[in-house]
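Examination of the molecular architecture
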Amino acid sequence: MPEYKWPDANDRDLIGKRISRLDGPVKVTGTAKYAFDINRPGMLFTRTVYCPHAHARITKLDTSEAAKMPGVKAVRIIQNVGTEIQWALDEIVAIAATSEDAAEDAVRAVKVEYEVLPHFVNGEAGEKAPQAKAAQQNVVGDPNGAKAAAAVTSKGYYGIPTISHCCMEAHGQVCEWTDEQHLEAWCTTQSVAGLPAQFAEGTGIPAANVRTHCEYMGGGFGSKFSVDRWGVECAKLAKDAKAPVKWMLEREPELTIAGDRPSAYAEIEVGASQDGTITYWSSKSWGSGGPGGSGSPPMPYVIQPANRRHQHISVPTHMASARAWRAPNHPQACFLTMSAIDDLAAALKMDPLDFFMKNAAITQRAAVYQEELQKGAELIEWKKKWRPRGQNGPGPVKRGLGVSMHTWGGLGHNSNCEVSIFPDGSVEAKLASQDLGTGTRTVIAIVLAETLGLPLNAVKVSIGDSSFPPSGASGGSTTVGGVSASTRRAAQLALEQLLVKVAPDLGVPPEQLEAEKGTIRVKGNPTKSMPWKQAAARVGMTPLTAKGANPGAGKLIDQGVGGIQMAEVSVDTETGIVKMEKMVAVQDCGLIIDLKTAESQCYGALIMGICYALTEEKIIDPVTGRMLNANMEFYKLAGIGDIGELVVHMMTGPEYDKRGVIGLGEPPVISPGAAISNAVANAIGVRVPHLPLTPDRVLAALEKGGMS
């Protein structure tokens, strides 16, 4: 058996380099096929009757006229008379027709009547909300004694709202039955291998009879693990109509019901000794993610004072259920915690950089955070630019700096990979993974080519098909660890078999051979070698195939990362407009497979973070329970002119490399809200307690704080 490990730094030709995405050309030329682009022969189109009320009971439903409309081929009653609806835009009836217009006409012909019931949508209500559920207090140490002994305490209220996932590619799929018991589906999904069982459960056929595809997808961020009701009903419509059916959500239901990040609000009191060591923490948080309320953010976040207490109140609301959103609960916990800690630094009249550096000692990765804070301070010129709150110069435009820290796990998921070496020298890796746009294909190709000593263009990666060996869903920053480890093991096993076949020709035992630079050669003697294609011909008529898995032998992956971010902003105190000047992200993630796509993950996360810090919010009308900004005009996202300068620094080197691969998708999106909020507080001298930092909230905070 080979020794499963990553090559040493001086033996890497591809790993750790900046390599462009392999699927870049097909995406920029428009030839990449997404679920929406799939058009099967005779395909039908779906439109849906949605409930307009946040809470109601169906009292009458008549689809007879709709069924008679021209072009209508199938009508599915999803929820019938007597059903109690728990959120606005829940699906009632789905119609498949020969065109979108025909389906829309039929939807208007459906007659539905409701008994409208009382609804509740205010997740900020906390304990005052109906059916609010308070968790037991979690207490460590002696918070009361620590509060009494603290030299300085600070108390504040902070809030972060519900936001929508806002995937550029809406949820949906195309379903086609190849016969009465076999279903094929082209889906936008984060779980190619996981969908067949879900389709099977919903349609009553064996999971082995379902094949799912996802070649490319336009964002998921945690919202696309499930086949969802619309997936199962799409399959049923296709069976009823005896034709392929496409069902992609329109933008309004996409933003309203296809997944939110829960809100979080908190009252926090924190205290420190005179030297700046945080000794006391007390917090009560609350928030909502729909009918199930919300889970508790992990507070206090990252920094763990010896004496602390926390309680969370879950607030059920009549809104569609929340879904995992890129680091579930961490952006909320980070914003709440780091805002309170920054306010304590201000109360102590300490530079927040010094304050965070000191209190990094009470984190789980003190040395890493301190190194990252020093690097971030250098990149943003903290010591040159920072001024205490309220001392940022004359004139209406004030500049400020803010800092935040975050953490994540990122352990690779279960993954299986099959590597084949063909007699003509071509190589292919197959696994039922998916590329959410993060560069998964490229990572797999780099590992495969590196292991076999080949250039990238000599290997093929096949993913996005459930008929391939199963690999885990892309969530929790688990994909790169899972697929790189399974691919490495499969490739090493395949190479070992090839070396056995080639060894007699080179006159040495297989263990004395290596694959390097397109050859099989004797270790230490590059002149004694065989070209790759000549070596591959030794496999005979049948391709040589090996399978690798994660978990498996050898240390290839790890978990647990830390990162820091710093923000520089300017704030116009007359208009309340916050402008991003610069964002710096310093992040570790163990061994980096592709430095370019790793940096890209951080750039994308910073952009997402700037969006939720400055503009992004799901606005719900308390009277109707409907989302008021469920479109791309009023669901505000930052534009290119709103981003400012972005600087990313990845922590690399032997101490990081030896840990193995760790996932990166989530950690860098955690800190932007906190870092930007702290920068605004530094600029204007008062805390804007609620994200997003819109002009009206900035001006309200200034008025309340008394700053002109």
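Residues numbered from 1 in each chain as written. Predicted model: local features only at pLDDT ≥ 70, side-chain atom pairs only at ≥ 80, totals over all residues. Heavy atoms only, no water.

**Digging into helix α8 (residues 330–347)**
With 18 residues, α8 ought to run about 26 Å at 1.5 Å a step, and its terminal C-alpha atoms sit 25 Å apart, in line with that. For α8, the buried fraction is high: 16 of the 18 residues fall into the buried class. Just downstream of α8 lies Lys-349, where phi reads positive at about 60 degrees. (Helix = DSSP H or I, 4+ residues; strand = E, 2+ residues; numbered from the N terminus. Expected span 1.5 Å × (residues − 1). Buried < 20%, exposed > 50% of the residue type's maximum accessible area, 1.4 Å probe, protein only.)

**Side note on the packing of aromatic side chains**
Summed over the entire model, instances satisfying the criterion amount to three aromatic pairs. Their ring planes at 45 degrees and their centres at 6.0 Å tell us that Tyr-34 and Tyr-216 sit as a pair that is tilted. Separated by 182 residues along the polypeptide, Tyr-34 in the loop between α1 (24–28) and β1 (44–50) and Tyr-216 in the loop between β13 (210–213) and α6 (228–241) bring together distant segments of the chain. Tyr-34 sits in the partly exposed class, given a relative accessible area of 21%. Between the NZ or CZ atom of Lys-239 and the centre of the ring of Trp-177, over which it lies, the distance is 4.3 Å. Positioned over the ring face of Phe-36 is Lys-246, at 4.7 Å from the centre of the ring. (Phe/Tyr/Trp six-rings, centres within 6.5 Å; stacked < 30°, edge-to-face > 60°. Lys NZ or Arg CZ within 6 Å of the ring centre and 35° of its normal.)

**Some thoughts on the pattern of salt bridges**
A complete count under the given rule lists 47 salt bridges for this structure. Salt-bridge contacts for Asp-275 lead to Lys-358; the nearest nitrogen and oxygen are separated by 3.9 Å. Residue Asp-275 is located in the loop between β16 (264–272) and β17 (278–287), and its partner Lys-358 is located in helix α9 (residues 352–359); the two are separated by 83 residues in the primary sequence. For Lys-358, a relative accessible area of 36% gives the class partly exposed. Residues Asp-505 and Arg-538 are paired through a salt bridge, measuring 2.6 Å at the closest nitrogen-oxygen approach. Highlighted residues: Asp-505 in helix α13 (residues 479–506) and Arg-538 in the loop between α14 (532–536) and β26 (544–550), separated in sequence by 33 residues. In the salt-bridge network here, residues are joined through shared partners; they are Glu-381, Lys-384, Lys-385, Arg-399, Glu-568 and Glu-581. (Salt bridge = Lys/Arg side-chain N within 4 Å of Asp/Glu carboxyl O.)

**Notes on the pairing of strand β20 (residues 415–421)**
For β20, the tally of buried residues reaches six of seven residues, placing the bulk of the element in the interior. Alignment of β20 against β26, held across seven bridges, turns out to be antiparallel. Bridge pairing links Cys-417 to Gly-548 in β26. Across four bridges, β20 lies against strand β21 (residues 427–430) in antiparallel orientation. (Pairing = 2+ DSSP bridges.)

**Concerning the domain arrangement of the protein chain**
For the protein chain, the domain assignment lists domain 1 (9–32 + 412–550), domain 2 (35–117 + 171–248) and domain 3 (264–410 + 558–704). One C-alpha centre belongs to domain 1, the other to domain 2; they are set 39 Å apart. Residue-level contacts link 20 residues of domain 1 with 17 residues of domain 2. Counting the surface lost from both domain 1 and domain 2, the interface buries some 1400 Å², and carbon and sulfur atoms represent 51% of this. Run the count over domain 1 and domain 2 and you get two salt bridges. Residue Arg-211 is joined to Asp-465 by a salt bridge in which the shortest nitrogen-to-oxygen separation is 2.5 Å. Linking domain 1 with domain 2 are seven residue pairs in polar contact (both at pLDDT 80 or more), by the criterion used here. Looking at the side of domain 1 that touches domain 2 residue by residue, the classes come out as seven nonpolar, eight polar and five charged. (Domains from an automatic or database assignment. Contact = heavy atoms within 4.5 Å. Buried area = accessible area lost by both parts, 1.4 Å probe. Polar contact = N/O pair within 3.5 Å; in protein donor to acceptor, adjacent residues only side chain to side chain. Nonpolar A, V, L, I, M, F, W, Y, C, P; charged D, E, K, R; others polar.)

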